[in-house]
Amino acid sequence: MANEFVSNNLLNRVHFAGALAELSELTKGVTSDGIPTISFKGVIQCGEDATYNRNFKVYAKAKKADGGDNKIYQNMLAWYKEAVPMTKDKVKCSMVDMSGSVDAFDYVGKDGTMHESLTYNMRFINEFKDYACYMDVDGYITSIVDEERGQGDDKVVTGRKVMSLLCMDSFRNVLQLKKIFIPAEFVDQLEDNGYEKGRTVRTKLAYQPNTKSGAPKKRGFGNQPVVGGATYLELVLTGGDAAFDEDSKDSISSATARTMMTERTNRLKEIEAKGYQGGSSVPS
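Residues numbered from 1 in each chain as written. Predicted model: local features only at pLDDT ≥ 70, side-chain atom pairs only at ≥ 80, totals over all residues. Heavy atoms only, no water.

Q: In this structure, what is going on with the overall build of the chain? I would like to understand it.
A: Broken down by element type, the chain carries 3 helices and 11 strands. Going from the N terminus to the C terminus, the chain shows its helices and strands as β-β-β-β-α-β-β-β-β-β-α-β-β-α. Over its C-alpha atoms, taken along the principal directions, the chain stretches across nearly 65 × 50 × 40 Å. Buried residues in the chain amount to 43% of all 284 residues. Summarising the internal contacts of the chain: among those between residues at least 6 apart in sequence, 66% fall at separations of at least 24. Looking at the chain as shown, the accessible area adds up to about 16,400 Å², and 48% of this sits on carbon and sulfur atoms. Once the 37 positive and 39 negative side-chain charges of the chain are each reduced to a mean point, those two points are 6 Å apart. (Helix = DSSP H or I, 4+ residues; strand = E, 2+ residues; numbered from the N terminus. Buried < 20%, exposed > 50% of the residue type's maximum accessible area, 1.4 Å probe, protein only. Contact = heavy atoms within 4.5 Å. Areas by Shrake-Rupley, 256 points an atom, 1.4 Å probe, with all protein chains shown as cover. Lys, Arg positive; Asp, Glu negative; His and termini not counted. Charge placed at Lys NZ, Arg CZ, Asp CG, Glu CD.)

Q: So what exactly am I meant to see when it comes to the nonpolar core here?
A: A general feature of soluble globular proteins is that nonpolar side chains tend to end up buried together. In this structure, F16, Y120, M122, M135, L177 and Y207 are the most contacted members of the largest nonpolar core, which totals 45 residues. In terms of residue count, helix α1 (residues 71-82) provides more of this core than any other element does, 5 residues in total. (Core = buried A, V, L, I, M, F, W, Y, C linked by side-chain atoms within 4.5 Å.)

Q: What's the story with the side chain of E234 in this structure? I'm lost.
A: Along the chain, E234 turns up in strand β11 (residues 230-240). Within the structure, the side chain of E234 is placed 2.7 Å from the side chain of R160, a separation counted as a polar contact. (Polar contact = N/O pair within 3.5 Å; in protein donor to acceptor, adjacent residues only side chain to side chain.)

Q: Even after reading the chapter, I still don't get the pairing of strand β2 (residues 27-30), so can you show me in this structure?
A: As a general feature of sheets, a regular strand has side chains that alternate between the two faces. Judged from the 4 bridges that link them, β2 and strand β3 (residues 36-45) form a sheet pairing that is antiparallel. For V30, the partnering residue across the bridge sits in β3 and is P36. (Pairing = 2+ DSSP bridges.)

Q: Would you take a moment to explain the pairing of strand β10 (residues 200-212) for this structure?
A: Across 7 bridges, strand β7 (residues 132-149) lies against β10 in antiparallel orientation. If you follow D138 over to β10, its bridge partner there is R202. The sheet contact formed by β10 and β11 spans 10 bridges and is antiparallel. Considered in β11, the bridge of T211 is made with T231.

Q: Please explain the state of the cysteines as it appears in this structure.
A: Here a disulfide denotes a covalent bond joining the sulfur atom of one cysteine to the sulfur atom of another. The tally for this structure, following the rule as stated, stands at 0 disulfides. Of all cysteine sulfurs in the structure, the one in C46 sits closest to C93, which takes part in no disulfide; the separation is 12 Å. A disulfide-free cysteine, C133 has its sulfur positioned 4.1 Å from the sulfur of C46, the nearest such atom. (Disulfide = S-S within 2.5 Å.)

Following this line, the structure appears as structure tokens:
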């Protein structure tokens, strides 16, 4: 399997900070070997409005693998008991700073179609200082292409690039970040820093708002107002180190990347074959 050949040192860290918008009920459980567990879900508003909402999950065991007490369990449980979401008090809701990892969340929906999504598993609680909505991720570049908008004769090149990264999640599953937008002001720096297909890179990616314009009315004249635009978050490259040397122990070879793609394809086929498994909560 690909995860046997990929370095454990590849970075995968998510940092969300903001107002606690939602918080689920706390679920307590016990592992097969009798260790207590806790789990819960929530939403952090990582900016001034709900456009910046990001879902998160927490799962922790009371004991570590060596039998010692798990501080993650203790800290998360203590935080949960004091946490106040917006759904209970919009004015005095908790401001929270959490970090963890971005992981694959692939599933078949009620409509029978495959959805390749992401989930954010949080492990650490920090003191809130400022809004944050980013991730630091190492990955293998599978493509960098011009961003184009429109269709046919109306298609235009925006000046931005779109990059796809092949990564590993915290469960050692292959993860693919398919649409990372590279701002026009960074495009000229890509070549100097080795950002090209087949190279392994360390990136800082942030969720940033963009607005999709609505269509103008069919009837009318002149420069019609555009209505119905929707604001959404997109994953944007905000910085990064120069690409790893190709002989670095942390650099993913082209052969390993092919194995990773095969592994991911096979995993998606297995999920699709099982079909819809119930549930309707989709992480954002």
